[in-house]
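# Descriptive structure summary
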Amino acid sequence: MSRPIRMRILVVGGGGREHAIVKALERGGSEIYSAMRNRNPGIARASEDFLLVKETETPKVADFALRSRVELAVIGPEAPLEVGLVDLLESKGIQCVGPTRAAARIETSKSFAREVMRKHHVPGNLDFHSFDDPKTAKAFVKDMKMEVAVKPVGLTGGKGVKVQGEHLKTEADVCAYIDEIFEKHIGGAGVVIEEKAIGEEFTLQSFCDGRDIAPMPLVQDHKRAFEGDEGPNTGGMGSYSDADHLLPFVHRDEYLRAVEIVKKMIVAMKEEGCPYRGILYSQFMLTRDGPKVIEYNARFGDPEAMNVLTILSSDLTQVCQGIAGGHLNKVSVNFQDKATVCKYVVPLGYGMESRSGLPIEVDEAAIEKEGARLYYAMVDEVNGKILTTSSRAVGVVGVDETMEKAEEACERALRHVKGEAIYVRHDIGKKDIVQRRKDHMDALRR
Ligand code: AMP
């Protein structure tokens, strides 16, 4: 491998995802500058300089980037993409890993992504209809013969989607939720009603340079707050990936079909006049008819970034240069053949009413010794103490040859995170839950 290239890089965002990005860039010797809302202790420590700022305040972020003379910026969360941070930074001559505002519509508008798929015949689409008034939407649902998913058109932090038969028990519940979306302007206004897909979900993240993609290992996230997939949807409680970079319930041909869908979507975005550069996160439902797209996100997933970046063996700085410079095909992108299990430590009550502002103690050296990695997320460092906020606190990733061993490493490491009001979904990555998914998929395929 050629020698790592040292660059000055701005990382935007202060969560577990961004700490994983920072650690991967640091491994290659890049100099980190960061802009984040909270004082993430891991990112702050790794940075030459950092700015505490709302990430959507794009002029302030751009001033900081110019002052710090960064050559490249990696944008972690979706909110700054939606308000055009990449467009602004690029106009100042700073290369970006992250899509422009127009290309970020792949995530920021649920109807845009589906319409591009329809227009360009990208396989894996679901039947969908967009509405900008509740009356027509409700009439449509009443006429529809199958169960549906109800999605606010705009961004809701991953918590606005409700599915019939799961969060919404009856047709009346579906209609009530449609009314609520319009009354409370959830996700702006407007709703997408789509066919409910039945199967098992998986995530395929890809590096994209506007033309080519480099796919990453598959990951499965766990959105529900409680063990056994109960409780409200959250930003994600944990995730796992397997040593062969597939998942126990995904066959290789199904994975290849998913990669093909992502490739076709990238071509479609180029033809739409908004080439996609950055990380494309594709959420799939593996159904009996193959992979179907649930949604796209315009950035790494959180926690899924922690799984893949922990085992990235290539230099992330070089990959980022390939993305921003449009020569990803000249960069070799490799991952270790290892399994990972990530569990998020969250404040008690997370997903409903978090108990925030309480101290947690973390023994980083002990965690490393157990064969795991620690990533700080939405905690705040105040007077040397680490305090929880209302969001996820720290991510712990176990790494080993098999998922079973990686899960055990993660659990051993979790003993070194202490706090009086914290919660972890211990079932993530355990044999039982993985086997249930495999059995479900086997039954669907029959
Ligand atoms: P999203 O924010 O679009 O990822 O949706 C959140 C969750 O809702 C997904 O992870 C799925 O579990 C579920 N979901 C979304 N759309 C559908 C659909 N069309 N069919 C079944 N489940 C869905």
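The structure contained in this document is the topic of the report that follows. (Residues numbered from 1 in each chain as written. Predicted model: local features only at pLDDT ≥ 70, side-chain atom pairs only at ≥ 80, totals over all residues. Heavy atoms only, no water.)

### A short note on the side chain of Glu411
With respect to the element layout, Glu411 can be found in helix H14 (residues 403–414). Of note is the side chain of Glu411, whose polar atom sits 2.7 Å from the side chain of Lys343. Within polar-contact distance, the side chain of Glu411 engages the side chain of His426 at 2.8 Å. The residues touching Glu411, leaving out its near neighbours within four places in the chain, are Lys343, His426 and Lys430. (Helix = DSSP H or I, 4+ residues; strand = E, 2+ residues; numbered from the N terminus. Polar contact = N/O pair within 3.5 Å; in protein donor to acceptor, adjacent residues only side chain to side chain. Contact = heavy atoms within 4.5 Å.)

### So, helix H8 (residues 134–143)
Taken residue by residue, H8 has Ala137, Phe140 and Val141 as its buried positions. Here the buried residues of H8 occupy an arc of 100 degrees about the axis, which is enough to place them on one side. Opposite the buried face of H8, by more than 90 degrees, sit the exposed residues Lys135, Lys142 and Asp143. On its buried face, H8 is in contact with strand S6 (128–131), helix H9 (171–183) and strand S9 (191–195). The N-capping residue of H8, defined by a side-chain oxygen 3.3 Å from the backbone nitrogen of Lys135, is Asp133. (Buried < 20%, exposed > 50% of the residue type's maximum accessible area, 1.4 Å probe, protein only. Arc of directions from axis to C-beta.)

### Things to note about the packing of aromatic side chains
This model, assessed by the stated rule, comprises four aromatic pairs. Between Phe202 and Phe284, the aromatic rings sit 5.2 Å apart at their centres with planes inclined by 20 degrees, giving stacked as the arrangement. Placement of the pair is Phe202 in strand S10 (residues 200–209) and Phe284 in strand S16 (residues 277–287), with a sequence separation of 82 residues. In this pair, the class of Phe202 matches that of Phe284, namely buried. Centre to centre, the rings of Phe226 and Tyr423 are 6.1 Å apart; their planes meet at 80 degrees, and the pair counts as edge-to-face. With Phe226 in strand S13 (residues 224–226) and Tyr423 in strand S25 (residues 422–423), this pair connects stretches of sequence that are 197 residues apart. In this structure, Lys162 is placed above the aromatic ring of Tyr177, and the distance from its NZ or CZ to the ring centre is 4.7 Å. (Phe/Tyr/Trp six-rings, centres within 6.5 Å; stacked < 30°, edge-to-face > 60°. Lys NZ or Arg CZ within 6 Å of the ring centre and 35° of its normal.)

### A short note on the pattern of salt bridges
Note that side chains of opposite charge can pair when their charged atoms are close. Across all of its chains, the model carries 32 salt bridges by this definition. Between Glu31 and Arg8 there is a salt bridge, with the nearest N and O atoms lying 3.4 Å from each other. Remark: Arg8 occurs in strand S1 (residues 8–12) and Glu31 occurs in strand S2 (residues 31–36); sequence separation between them is 23 residues. For Asp302, the salt bridge goes to Arg392, with nearest N and O atoms at 3.6 Å. (Salt bridge = Lys/Arg side-chain N within 4 Å of Asp/Glu carboxyl O.)

### A short note on the site of the ligand
Near the ligand, the surroundings consist of 15 residues, among which Glu194, Glu195, Ala197, Glu201 and Glu295 are the closest. Contacts to the ligand include Glu194, whose side-chain N or O atom sits 2.9 Å from a nitrogen atom. At 2.9 Å, a backbone N or O of Glu195 approaches a nitrogen atom of the ligand. Burial of the ligand by the protein amounts to 95% of the accessible area it has alone, namely 470 Å². Counting only elements with at least two residues in the shell around the ligand, the list comes to strand S7 (148–152), S9 and strand S17 (290–297). For the shell around the ligand, a count of residues per class yields seven nonpolar, no polar and eight charged. (Near = heavy atom within 4 Å. Areas by Shrake-Rupley, 256 points an atom, 1.4 Å probe, with all protein chains shown as cover. Nonpolar A, V, L, I, M, F, W, Y, C, P; charged D, E, K, R; others polar.)

### A closer look at the environment of Lys23
Structurally, Lys23 is set in helix H1 (residues 16–27). Separated by 293 residues in the primary sequence, Lys23 and Leu316 place their C-alpha atoms 9.6 Å from one another. If we skip the residues at most four places from it in the chain, Lys23 touches Glu368, Leu374 and Tyr375.

### Notes on the pairing of strand S4 (residues 72–75)
Alternating residues of S4 divide into Leu72 and Val74 and Ala73 and Ile75, and every residue in both groups is buried. Note: S1 against S4, four bridges, orientation parallel. In the sheet register, Ile9 faces S4, and the bridge partner there is Leu72. Relative to strand S5 (residues 95–97), S4 runs parallel, the two sharing three bridges. The partner of Val74 across the bridge, within S5, is Val97. (Pairing = 2+ DSSP bridges.)

Just distances and angles here, no functional claims.
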